[in-house]
Protein chains: 2
Amino acid sequence: MNKVQVNTQSHTYEVYLDKALRFRVGDLLSQCLKEKPSSVFVITDSTVAPLYLQDVLSSLPDDLSVSSAIIPSGEQSKSFKEYENLLSQALKNGLDRKSVIIALGGGVVGDIAGFVAASYMRGIRFIQMPTTLLAHDSSVGGKVAINHELGKNMVGAFHQPEAVFYDTDVLFSLPQKEWRAGFAEVLKHGLILDKSFYEWLQKNVTDFLSIDNELVSSLLARSIAIKAEVVSQDEREQGIRAYLNLGHTLGHAIEAVSGYGKITHGEAVVIGIVFAMKLSERLYKIDLDIPAFKAWVESFGYETVIPKDLDHEKLLEAMKKDKKTEAGIIRMVLLKKLGEACVEKVETDVILSLLKES
Amino acid sequence: MNKVQVNTQSHTYEVYLDKALRFRVGDLLSQCLKEKPSSVFVITDSTVAPLYLQDVLSSLPDDLSVSSAIIPSGEQSKSFKEYENLLSQALKNGLDRKSVIIALGGGVVGDIAGFVAASYMRGIRFIQMPTTLLAHDSSVGGKVAINHELGKNMVGAFHQPEAVFYDTDVLFSLPQKEWRAGFAEVLKHGLILDKSFYEWLQKNVTDFLSIDNELVSSLLARSIAIKAEVVSQDEREQGIRAYLNLGHTLGHAIEAVSGYGKITHGEAVVIGIVFAMKLSERLYKIDLDIPAFKAWVESFGYETVIPKDLDHEKLLEAMKKDKKTEAGIIRMVLLKKLGEACVEKVETDVILSLLKES
Ligand SMILES: NC(=O)c1ccc[n+]([C@@H]2O[C@H](COP(=O)([O-])OP(=O)(O)OC[C@H]3O[C@@H](n4cnc5c(N)ncnc54)[C@H](O)[C@@H]3O)[C@@H](O)[C@H]2O)c1
Ligand SMILES: NC(=O)c1ccc[n+]([C@@H]2O[C@H](COP(=O)([O-])OP(=O)(O)OC[C@H]3O[C@@H](n4cnc5c(N)ncnc54)[C@H](O)[C@@H]3O)[C@@H](O)[C@H]2O)c1
Ligand SMILES: [Zn+2]
Ligand SMILES: [Zn+2]
């Protein structure tokens, strides 16, 4: 079993990584909860439920009061309606302050179930059980949220889980597109903080279909360790947590301008990373070997150029809405070299001209 | 100006108490905010808005972007609908992470505006401007929440304000009933932790109509200081914060069984306090001079006995739903003597027989 520790101001918790973890949830709970739960409420989605919910439920002790809820699979479930609905179910199921919520699913389930846990009776304990590759990112760090029609993740909290149980088996039922969605954050972690990890990835991960349990487990352990390190230094997003936004300023803009759902977040982020690398090469007069990066990611099916039909001015406007923007000036995460990130104010016309070239 | 400091783990803030504070909000903001707000969003209710909103808005600097929202006056506004509605307005008004919300009103406004602030973009700063006597209690301590149809304050957060601005002038437009609602918590604070304050109250407060600005200001300063002391020792309600529940186990039960709104919270709490005093006298073989207490509070129009039409078994059932109940055993806040509280497990039949006598 791989284990990664996450240290935050509020508390310290473990990420457990192993195959077949979903059959051992009962044991793991008693290992990592200081105080016994009065009841457990498992929240999952309609794709994950038929695959893995029963395994989790069966692994819980018979004398524990257990209930579950299933939300429709997909981003549109991170809504007020589902949020209120889950809280109603929590109340009807009699959850109290000593109850524990288990979020069994991808980032969508983790985010909404986490916000339910953060706000139910002003906060109860919860466990993340990520089932997508992307959720290795979302399940660590305590950011939980739902969407508003005027903006993604606009309503939420910082609420750390008690533990993360990551069963690597379940990743193998993910479609290729979801591997791409998640792998973007993995390689991002290497690029911003760990050159040797980045190089290890380039060498060892050449094809999602040939990844096995052991490889994915060590890949996740290293990627999560980087995220955990960033979070522990900056739980509330005041400083270096911004590095995690590499590729995201343009990435989010591409998602927004093309219409959410057209291109996955991870696919957009990879295009954003290429853009940030180009800008970094230009501003710092360095060589990041972009051709090698492009060739590598294209072999997994990622796009590396901005879709032709997206208007540059619109992209620029969307980039200005980034949370790092201050007084109208765009601030982007760039690379000083491979494995070393920084945040830089970038002039609008510099961005616009590079957008036109790309 | 009276000032009380509140120390919590997350941060330290001041309660400013003075007449005419609502005309100085701009200055006070720049005094107590480390970082300038990018914009201010004032949330108030339909009773308070015509009385005081304009005063607050006019006191803010011209170069600050300011918006406001008005919710219907009353407890039914602590709803999901109003919550979502306020978040939508916050987004439409362009609030960002550096914006500040001002909660101008009683406990209802403070609780919902506080939860909006706690969850908007995962938490932005807010200021409490209490306008009721009861809100001296609700505005300090960081507990914020909305109601669910299955329970009061079921969804919320712990989110401390940046400061509390308490204009004592505005209390004089409150009806007597609202004075009673709030004064219950004031005398409770004396009873649980400060005998000399309790005696000072009995001597100086004999009639709400003859209270003046100066008296109410020192009364609030002392009562808030006690609440602040409790909160600083126990921000997350693990221990002595439970003392604040004196009179509330039965009080909440009376509110629930008689139907919310029939009797104000404060009026129900006073009946609960008399009950807890009787139980304390009996269990600890002490004399708390209950006749003097009853005579004093009855002179303000409080009831001191349980309404005759309430069923004792139903009250008992409701008391069991108290959050301090563990494994079906009711735990009540009692008094060892005036000014000294404790939490005690009490047998169901002891409670039931005292309910029948009362
Ligand atoms: N909280 C954070 O710090 C953070 C960070 C990054 C992303 N996010 C959020 O995460 C969300 C995206 O996460 P996601 O990509 O995991 O989305 P997701 O939860 O929607 O999962 C993607 C799809 O895969 C399905 N699925 C999940 N597990 C599966 C499995 N084992 N086998 C087969 N199918 C499976 C889901 O039903 C869904 O259809 C977004 O809402 C984003 O805002 C949050
Ligand atoms: N967060 C906490 O720690 C905490 C503690 C105690 C109570 N509460 C909450 O506080 C709420 C009750 O607070 P409340 O009693 O202040 O109720 P409230 O806010 O509804 O105010 C009572 C009434 O007085 C009106 N009003 C307010 N200020 C006025 C003024 N200056 N002049 C004339 N009218 C005025 C209001 O419009 C309302 O009709 C409840 O929802 C309760 O749950 C919270
Ligand atoms: Zn991302
Ligand atoms: Zn109360």
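For every chain, the first residue of its written sequence is number 1, and the numbers climb from 1 along that sequence. Starting at A for chains and at 1 for ligands, labels are handed out in the order in which the entities are written. In keeping with the model being predicted, local features are shown solely for residues with a pLDDT of at least 70 and side-chain atom pairs are shown and tallied solely at 80 or more, while totals for entire chains, interfaces and linings include all residues. To get the side-chain values, all heavy atoms of the structure are used, and hydrogens and water are removed first.

Tell me about the interface of chain B and chain A, and please be specific about residues and values.
The criterion used for residue contact is that any of the two residues' heavy atoms lie within 4.5 Å. Contact with chain B, which involves 29 residues of that partner, is made by 29 residues of chain A. For this analysis, a salt bridge means a side-chain nitrogen from Lys or Arg found within 4 Å of a carboxyl oxygen belonging to Asp or Glu. Counting across the chain B and chain A interface gives two salt bridges. Put simply, E326 of chain A and K98 of chain B hold a salt bridge, and the shortest N to O gap is 3.9 Å. Going through the elements one at a time, α3 (80–92), α4 (107–119), β7 (143–148) and β8 (151–158) of chain B are the ones with two or more residues in the side of chain B that touches chain A. Among the elements that make up the side of chain B that touches chain A, the one with the highest residue count is α3 of chain B (seven residues). By definition, any uninterrupted DSSP run of H or I lasting at least four residues is a helix, any uninterrupted run of E lasting at least two residues is a strand, and each is numbered from the N terminus.

I'd like a description of the packing of aromatic side chains, backed by residues and values.
The pairing test for Phe, Tyr and Trp rings, Trp by its six-membered ring, is centres within 6.5 Å, and the orientation test on the planes gives stacked under 30 degrees, edge-to-face over 60, and tilted for anything in between. All told, the structure shown has 30 aromatic pairs over all chains when counted by the stated rule. Note on F197 of chain A and W200 of chain A: the rings are 6.0 Å apart at their centroids and 25° apart in plane angle, and the pair reads as stacked. Highlighted residues: F197 of chain A and W200 of chain A, both in helix α7 (residues 195–204), separated by three residues, approximately one helical turn. Categorising residues by exposure relies on relative accessible area from a 1.4 Å probe, with only protein chains included: less than 20% of the type maximum marks a residue as buried, more than 50% marks it as exposed, and the intermediate range marks it as partly exposed. In this structure F197 of chain A comes out as buried when scored by relative accessible area, which is 0%. One aromatic cluster is present, formed by F172, W179, F183, Y198, F208, F293, W296, F300 and Y302 of chain A through successive ring pairs. Whether a charge sits over a ring depends on NZ of Lys or CZ of Arg being within 6 Å of the ring centre and within 35 degrees of the ring normal. The aromatic ring of W200 of chain B is capped on one face by R222 of chain B, whose charged end is 5.7 Å from the ring centroid. Above the face of the Y284 of chain B ring, K336 of chain B is positioned so that its terminal group lies 4.6 Å from the ring centre.

So what's going on with the relation of the copies chain B and chain A? Which residues, and what values?
Note on the copies: chain B fits chain A at an RMSD of 0.0 Å, the axial shift is 0.0 Å, and the rotation between them is 180°. What the rotation and shift describe, once combined, is the action of a two-fold rotation axis. Comparing interface residues between copies, 100% of those in chain B also lie at the interface in chain A; the contact surface is shared. Here the copies are superposed with least squares, the fitted atoms being C-alpha atoms of residues at a pLDDT of at least 70 in both.

Describe the pairing of strand β3 (residues 40–45) of chain B, naming the residues involved and giving the relevant values.
The two faces of a sheet get side chains in turn, since along a regular strand they alternate between them. Residue and element names in this part refer to chain B. Among the six residues in β3, six count as buried, and that is most of the element. Of the two faces of β3, the one lined by V40, V42 and T44 and the one lined by F41, I43 and D45 are each fully buried. For β3 and strand β4 (residues 66–71), the ladder comprises six bridges, and the chain directions are parallel. Pairing of T44 across the sheet is with I70, part of β4. Think of it like this: strands point away, you trace from the first strand over the helix to the second, and a clockwise trace means the crossover is right-handed. In the classification by handedness, the crossover that spans β3, the intervening helix α2 (residues 48–58) and the parallel β4 is right-handed. In this scheme, strands are said to pair when DSSP sees at least two bridges between them. In this structure, β3 lies alongside strand β5 (residues 100–105), joined through five bridges in parallel fashion. Within β5, the residue paired with F41 across the bridge is I101.

A description of the domain arrangement of chain A should follow, citing residues and the corresponding values.
Residue and element names in this part refer to chain A. Here the limits of each domain have been adopted from an automatic or database domain assignment. You can read the domains of chain A as domain 1 (2–173) and domain 2 (176–357). Computed over C-alpha atoms, the centres of domain 1 and domain 2 are 27 Å apart. Between domain 1 and domain 2, a total of about 2400 Å² is buried, with carbon and sulfur atoms accounting for 66% of that surface. Summed over both partners, buried area is the accessible surface (1.4 Å probe) that two parts give up on being assembled. For domain 1, the biggest contributors to the area lost against domain 2 are L133, H136 and F158; these three give 27% of the whole.

Please give an account of the coordination of the zinc ion (ligand 3) that cites residues and values.
All names here are of chain A. Here the term donor refers to an N, O or S atom within 2.8 Å of the metal (or 3.2 Å for Na, K and Ca), and because water is left out of the atoms, sites may appear incomplete. Every protein donor of the zinc ion (ligand 3) is listed here as E185 (OE), H248 (NE2) and H265 (NE2), and their distances to the metal cover 2.1 Å. One chain supplies every donor to the zinc ion (ligand 3), and in sequence these donors are spaced E-x62-H-x16-H. Of this pair, H248 sits in helix α9 (residues 248–258) while H265 is found in helix α10 (residues 265–284), placing the two residues 17 residues apart along the sequence. Residue classification places H248 among the buried residues on the basis of a relative accessible area of 6%.

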